[in-house]
Amino acid sequence: GEDVEQSLFLSVREGDSSVINCTYTDSSSTYLYWYKQEPGAGLQLLTYIFSNMDMKQDQRLTVLLNKKDKHLSLRIADTQTGDSAIYFCAERGYSGGGADGLTFGKGTHLIIQP
Amino acid sequence: DAGVIQSPRHEVTEMGQEVTLRCKPISGHDYLFWYRQTMMRGLELLIYFNNNVPIDDSGMPEDRFSAKMPNASFSTLKIQPSEPRDSAVYFCASSPGPSGNQPQHFGDGTRLSIL
């Protein structure tokens, strides 16, 4: 079955870059997503990447995809205290031509040290 | 633009009671998803609808859970009777279409506590 794995915690100093990693198993995954969840809030879509791409940049965010190794990473440049949150990697598979729901990792808690 | 709206934000009730969670998707979004988030299992898809029709309910845990979408702007998730192990945060999400470049947008969730 589908599986998405992430480290549970990442601690970085303010101003440094954060790199959050994710691995997935579903080879049919065509789109991969990063969501951010702040305490008591819903999931905010940060960015997503199509599987025929290997990199996508959006301001401070850079997504790298290694499709061969089924490895996805999210780099946050110049990490700020407001980046403190849980970051979820998710994949969307397809079956029978229809859209499926997302399969999520357990989330990585990003902790910012002053 | 208004996002996905869920109500109530918090619900505390005693086991055995009926619980109804509500969701209003983003206008024009044809897909609606219900997810559950727990510490142990993370985020799990329960059911999703396309044009108000349930497409995949394989994630619904038991017959105690039911979901409906009577029209394009409203969906409910009902638990009857509720049990303490149903305590979780329930999220509703919607997307405009089935394509991966039409991502899902989430509501703020309903935090459910069953005593």
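Refer to the structure printed above.
Our subject in this report is the structure included herewith.

Conventions we followed
Counting of residues starts from 1 at the beginning of each chain's written sequence and follows it residue by residue. Here the convention is simple: chains get letters from A, ligands get numbers from 1, in the order in which they are written. Only residues with pLDDT of at least 70 are given local features in this predicted model, and only at 80 or more are side-chain atom pairs given and counted; all residues enter the totals for whole chains, interfaces and linings. Here the side-chain values reflect all heavy atoms present in the structure, with hydrogen atoms and water set aside. Counting from the N terminus, the helices are the DSSP runs of H or I reaching at least four residues and the strands are the DSSP runs of E reaching at least two. Restricting the calculation to C-alpha atoms gives the radius of gyration, and the globule rule supplies 2.2 Å times the number of residues raised to the power 0.38. Relative accessible area decides the class of each residue, using a 1.4 Å probe on protein chains only: under 20% of the type maximum gives buried, over 50% gives exposed, and in between gives partly exposed. Calculation of accessible area relied on Shrake-Rupley with a 1.4 Å probe; when residues are assessed, cover is drawn exclusively from the protein chains displayed. Polar contact is the term for a pair of N or O atoms within 3.5 Å; when the atoms are in protein, one must be able to donate a hydrogen and the other to accept it, and sequence-neighboring residues count only if both atoms are side-chain atoms. Residue contacts are counted whenever heavy atoms from the two residues lie within 4.5 Å of one another. Strand pairing requires that DSSP identify at least two bridges connecting the strands. In this analysis an axis means a line fitted to C-alpha atoms, helices contributing only their contacting stretch, and an angle means the value between N-to-C directions, from 0 to 180 degrees. The term buried area denotes the loss of accessible surface (1.4 Å probe radius) that occurs when two parts are joined, taken as the sum for both partners. For this analysis, a salt bridge means a side-chain nitrogen from Lys or Arg found within 4 Å of a carboxyl oxygen belonging to Asp or Glu. The residue classification treats Ala, Val, Leu, Ile, Met, Phe, Trp, Tyr, Cys and Pro as nonpolar and Asp, Glu, Lys and Arg as charged. All others, Gly included, are polar. In this description, a nonpolar core means a group of buried Ala, Val, Leu, Ile, Met, Phe, Trp, Tyr and Cys residues linked to one another through side-chain atoms lying within 4.5 Å.

Quick look at the overall build of chain A
For step 1, the next point in the chain: On a plain count of helices and strands, chain A comes out with 0 helices and 11 strands.
For step 2, the next point in the chain: Computed over the C-alpha atoms, the radius of gyration of chain A is 14 Å, within 12% of the 13 Å expected from 2.2 N^0.38 for a compact globule of 114 residues.
For step 3, the next point in the chain: Taking the principal axes of the C-alpha coordinates as reference, chain A spans close to 50 × 30 × 20 Å.
For step 4, the next point in the chain: Within chain A, buried positions represent 46% of all 114 residues.
For step 5, the next point in the chain: Carbon and sulfur atoms make up 48% of the accessible area of chain A, which totals about 5500 Å².

A few points about the side chain of A:Lys36
Residues and elements named next belong to chain A.
For step 1, the next point in the chain: Relative to the elements of secondary structure, Lys-36 occurs in strand β4 (residues 31-37).
For step 2, the next point in the chain: Judged by relative accessible area, which is 9%, Lys-36 ranks as buried.
For step 3, the next point in the chain: Polar side-chain contacts of Lys-36 include one of 3.1 Å to the backbone oxygen of Gly-82.
For step 4, the next point in the chain: Setting aside anything within four residues of it in sequence, one finds Lys-36 in contact with Gly-42, Leu-43, Gln-44, Leu-46, Gly-82, Asp-83, Ala-85, Ile-86 and Tyr-87.

Section: the sheet that holds strand β1 (residues 4-6) of chain A
Residues and elements named next belong to chain A.
For step 1, the next point in the chain: A sheet is described by the order of its strands in space; here 5 strands give the open sequence β1-β3-β8-β7-β6, paired in antiparallel fashion. Strands with a single pairing partner mark the edges of an open sheet, and in this sheet they are β1 and β6 (55-58). In this sheet, adjacent strand axes meet at a mean angle of 15 degrees when their direction is disregarded.
For step 2, the next point in the chain: The pairing of β6 with strand β7 (residues 61-66) spans 4 bridges and is antiparallel. Looking across to β7, one finds that Lys-56 is bridged to Val-63.

Regarding the interface of chain A and chain B
For step 1, the next point in the chain: Residue-level contacts link 19 residues of chain A with 25 residues of chain B.
For step 2, the next point in the chain: Here chain A packs against chain B, burying approximately 1700 Å² in sum over the two surfaces, 54% of which is carbon and sulfur.
For step 3, the next point in the chain: At the boundary of chain A and chain B, one finds 0 salt bridges.
For step 4, the next point in the chain: One can count 6 residue pairs in polar contact (both at pLDDT 80 or more) joining chain A with chain B.
For step 5, the next point in the chain: Broken down by secondary-structure element, the contributors of at least two residues to the side of chain A that touches chain B are β4, β5 (43-50), β9 (85-95) and β10 (98-104) of chain A.
For step 6, the next point in the chain: Ranked by the residues each element gives to the side of chain A that touches chain B, the list is headed by β10(A), at 5 residues.
For step 7, the next point in the chain: Residues belonging to the side of chain A that touches chain B are distributed by class as follows: 12 nonpolar, 4 polar and 3 charged.

Brief notes about the nonpolar core
For step 1, the next point in the chain: Residues B:Trp34, B:Leu77 and B:Tyr90 are the most contacted members of the largest nonpolar core, which totals 21 residues.
For step 2, the next point in the chain: Mapped onto this core, the elements with two or more residues apiece are β3 (19-24), β4 (31-38), β5 (42-50), β7 (65-71), β8 (74-79), β9 (88-95) and β11 (110-114) of chain B.
For step 3, the next point in the chain: Core analysis: the next-biggest nonpolar cluster, separate from the first, contains 20 residues, A:Val4, A:Tyr24, A:Leu32 and A:Tyr87 among them.

Some words on the pattern of salt bridges
Residue and element names in this part refer to chain B.
For step 1, the next point in the chain: This model, assessed by the stated rule, comprises 12 salt bridges over all chains.
For step 2, the next point in the chain: A salt bridge links Glu-62 to Arg-64, with the nearest nitrogen and oxygen atoms 2.8 Å apart.
For step 3, the next point in the chain: In this structure, Arg-64 and Glu-83 form a salt bridge, with 3.6 Å as the shortest nitrogen-oxygen distance. Placement of Arg-64 in the loop between β6 (53-56) and β7 and of Glu-83 in the loop between β8 and β9 is noted, with a sequence separation of 19 residues between them.

Some remarks on unusual backbone geometry
Residues and elements named next belong to chain B.
For step 1, the next point in the chain: Along the chain, Ser-7 connects to Pro-8 via a cis peptide bond; the corresponding omega equals -10 degrees.
For step 2, the next point in the chain: Its location among the elements puts Pro-8 in the loop between β1 (5-7) and β2 (10-13).
For step 3, the next point in the chain: Cis geometry is found at the peptide bond from Gln-80 to Pro-81, where omega equals -10 degrees.
For step 4, the next point in the chain: With respect to the helices and strands, Pro-81 occurs in the loop between β8 and β9.
For step 5, the next point in the chain: One non-glycine residue, Asn-51, adopts positive backbone phi at about 50 degrees.
For step 6, the next point in the chain: Relative to the helices and strands, Asn-51 is located in the loop between β5 and β6.
For step 7, the next point in the chain: Given the relative accessible area of 45%, Asn-51 is considered partly exposed.

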